[in-house]
Amino acid sequence: MNLISVALAFVVGALITLQIGSNARLKEAIGQPLPAVIISSALGLVLLTGAMLMARSPWPSLDKLTAAPTSAWLGGVLGAIYAVVTIILARRLGAATLMALVIAGQLICSVVVDHVGIIGFDVRRLTVGRGVGCALLLGGLFLVWRY
């Protein structure tokens with residue numbers, strides 16, 4: 001495993017906590033979660049469009065877009081659900097408990113996705129080590145949530 005990849009994934013994971021906090025502040029300032037998520041997403045869209053233009057990346061053809069499997073289109077839907085739910089729960093649960101729950105959900109779902117090999121992932125069977133890792137993470141979740 002490349003150390004730069006590991007460090008980058010770690011930093012991006014940390015940024016998710018800051019993103020949720022920022023979106024929750026925007027929700028509080030505006031008073032509603034949906035406009036806050038729309039504004040936040042629109043800003044991201046503007047930045048990504050600018051990056052795409054600067055990189056001179058071509059827009060995909062209609063043939064490529066229509067050939068994408070149904071599961072390829074779930075990312076936007078799931079991202080929207082994630083954004084709305086996390087900004088609603090952010091202040092209620094606190095950053096540590098919210099992120100512990102999100103991370104536990106991500107890891108357990110990831111182990112299942114790997115084991116079954118869905119959404120384009122190669123099969124990586126559930127091992128004792130992965131099971132113990134999930135159990136330890138759930139123990140950590142309990143400690144963060146309870147104390």
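Just so you know, these numbers come straight off a predicted model, no measurement behind them.

A. Local environment of the environment of Gly131. Among the structural elements, Gly131 can be located in helix H6 (residues 128–146). Placed 111 residues apart in sequence, Gly131 and Ile20 show a C-alpha to C-alpha distance of 29 Å.

B. Spotlight on the side chain of Lys27. Relative to the helices and strands, Lys27 is located in helix H1 (residues 3–30). For Lys27, the residues in contact, after removing those within four places along its chain, are Gln32, Pro33, Ala36, Ile87 and Ile88.

C. Quick peek at the nonpolar core. Core analysis: the biggest nonpolar cluster contains six residues, these being Ile20, Ala24, Ala90, Leu98, Met99 and Val102. Contributing elements (two or more residues each) for this core: H1 and helix H5 (95–116). Here this core gets three residues from one element, more than from any other, and that element is H5. Excluding residues within four positions of it along the chain, Val102 makes contact with Tyr82 and Thr86. Listed in part, the five residues of the second largest apolar core include Val37, Ala83, Val84 and Ile87.

About the thresholds
Residues numbered from 1 in each chain as written. Predicted model: local features only at pLDDT ≥ 70, side-chain atom pairs only at ≥ 80, totals over all residues. Heavy atoms only, no water. Helix = DSSP H or I, 4+ residues; strand = E, 2+ residues; numbered from the N terminus. Contact = heavy atoms within 4.5 Å. Core = buried A, V, L, I, M, F, W, Y, C linked by side-chain atoms within 4.5 Å. Buried < 20%, exposed > 50% of the residue type's maximum accessible area, 1.4 Å probe, protein only.

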